[in-house]
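# Commentary on secondary and tertiary structure
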Amino acid sequence: GSNATEVVYVGVPDPNGEAGCRVTKDFFARLLAPTIIHEIQHLISYNQHVLLRQGPIEQEWLNEALSHYAEELGGRNIPNSSCYLNDCLSQFAVPTLSNAYRYLLDPGAAFLVYPESSTGSLAERGAAWLFLRWLSDHFGGTAAFTRGLLETTATGSDNLARQVSVPWPTLVAEWHLANWLDDIPGVTPANTRLRYTSWNLRQMFASFRAQAPTIYPRSFPLVPDSLGATFDRAAILRGGSARFHRVVIDPASSPVDVRVAGAGGGAPPSELILQVAIARTR
């Protein structure tokens, strides 16, 4: 799959569909610049991990997260006068935010850490970018953060945990809680990491919904399954992702016991690492 040359191939407009597919100049004006930034990150990553340090290539999910993060940085740093319709952030970041919306519609249906045989669905790319964006909000925010993820032989979850000096299970649990608690009305998390500082996702997604309700069916995509004091749910758990449940009980009632079981009600497989992350909102 490679010609062993540092070349990024891109298409060209074909407004008359002479090659069998009509591609307008407007389409390329919107997508070409973010795509080039995205692909150049992959070149940089391969150069740093493999060619300079003789290590393994970065894991696919984190590699794509870094490339989508590069797109967002392009939208934040390129002058608007150089962008489509003079709006860089919309040109570079809205497609990635749309992927994040897809993920939050049903987090349990997508991987965060997807198999190496996959290049990631749009929802999974959205999850990877959200996770890296959240990490940057609380542990990065500078070029040193992303450079540290590239200038290493470490990959995947090990790379991230080393960079921020926090265990991987803690990072994943806090991120999932942040996805629900970020800018939720009337709730101020005691843990300051249970939010995003770079985006107000509730405000952003409500704007998407107002502009295109058929594409964005909810003002905020993540809606936890609402449960009472007694419940039983069966689901598939995908690597790094989560199922969201909101347990609503009277404060004077008895405590709720939460039990996680494997198929058939027995113990979960021993090779799996399962977690329950809980946030009390009232």
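Preceding this paragraph is the structure being described.
Overview of the structure. Keep in mind it's a predicted model, so treat the numbers as computed, not measured. (Residues numbered from 1 in each chain as written. Predicted model: local features only at pLDDT ≥ 70, side-chain atom pairs only at ≥ 80, totals over all residues. Heavy atoms only, no water.)

## A look at the state of the cysteines
Inclusion rule: Disulfide: a pair of cysteine sulfur atoms within 2.5 Å of each other. Remark: exposure states derive from per-residue accessible area (1.4 Å probe, protein chains only) relative to the maximum for the residue type, with buried under 20%, exposed over 50%, and partly exposed in between.
In total, this model carries one disulfide according to the counting rule given. Cys83 shares a disulfide with Cys88; S-S distance 1.8 Å. Torsion about the S-S bond of the Cys83 and Cys88 cystine: about 95 degrees, corresponding to right-handed handedness. Judged on exposure class, the residue Cys83 and its partner Cys88 are both buried.

## Thoughts on helix H4 (residues 122-139)
Each α-helix winds once per 3.6 residues, and so residues spaced three or four apart point in a common direction. To keep things clear, this is the line we draw: The helix and strand labels rest on DSSP assignments: H or I over at least four residues marks a helix, E over at least two residues marks a strand, and numbering proceeds from the N terminus. Each helix should span, by expectation, one fewer than its residue count multiplied by 1.5 Å.
Helix length check: H4 (18 residues) gives 25 Å between terminal C-alpha atoms against 26 Å at 1.5 Å per residue, within 8%. Burial of H4 is extensive: 15 of the 18 residues sit out of reach of the surface. Looking one or two residues past H4, Gly141 carries a phi angle of roughly 85 degrees, positive in sign.

## Overview of the pattern of salt bridges
Pairing is possible between side chains that carry opposite charge, provided their charged atoms lie close to one another. Short version of the rule: We count a salt bridge whenever a side-chain nitrogen from Lys or Arg sits within 4 Å of a carboxyl oxygen from Asp or Glu.
The final tally for this structure, using the stated rule, is 10 salt bridges. Put simply, Arg133 and Glu72 hold a salt bridge, and the shortest N to O gap is 2.6 Å. Remark: Glu72 occurs in helix H2 (residues 60-77) and Arg133 occurs in helix H4; sequence separation between them is 61 residues. Each member of the pair Arg133 and Glu72 is classed as buried. Residues Arg233 and Asp225 are paired through a salt bridge, measuring 2.6 Å at the closest nitrogen-oxygen approach. Looking at Arg233, the relative accessible area reads 45%, which means it is partly exposed. What you see here is one network of salt bridges that share partners, running through Glu72, Arg76, Arg133 and Asp137.

## Structural notes on the packing of aromatic side chains
Keep this limit in mind: Only rings of Phe, Tyr and Trp enter the pairing, Trp through its six-membered ring, and a pair is recorded when the two centres are within 6.5 Å. The plane angle decides the type: under 30 degrees is stacked, over 60 is edge-to-face, the rest tilted.
Across all of its chains, the model carries 13 aromatic pairs by this definition. Between Tyr101 and Tyr216 the ring centres are 4.9 Å apart and the planes differ by 85 degrees, which places this aromatic pair in the edge-to-face class. Of this pair, Tyr101 sits in helix H3 (residues 88-105) while Tyr216 sits in the loop between helix H8 (201-211) and strand S1 (225-227), placing them 115 residues apart in sequence. Both residues of the pair, Tyr101 and Tyr216, belong to the buried class. Arranged with centres 5.9 Å apart and planes meeting at 65 degrees, the rings of Phe205 and Phe208 form a pair that is edge-to-face. Taken together, the positions of Phe205 and Phe208, both in helix H8 and three residues apart, correspond to about one turn of that helix. Residue Phe205 is classed as buried on the basis of its relative accessible area of 0%.

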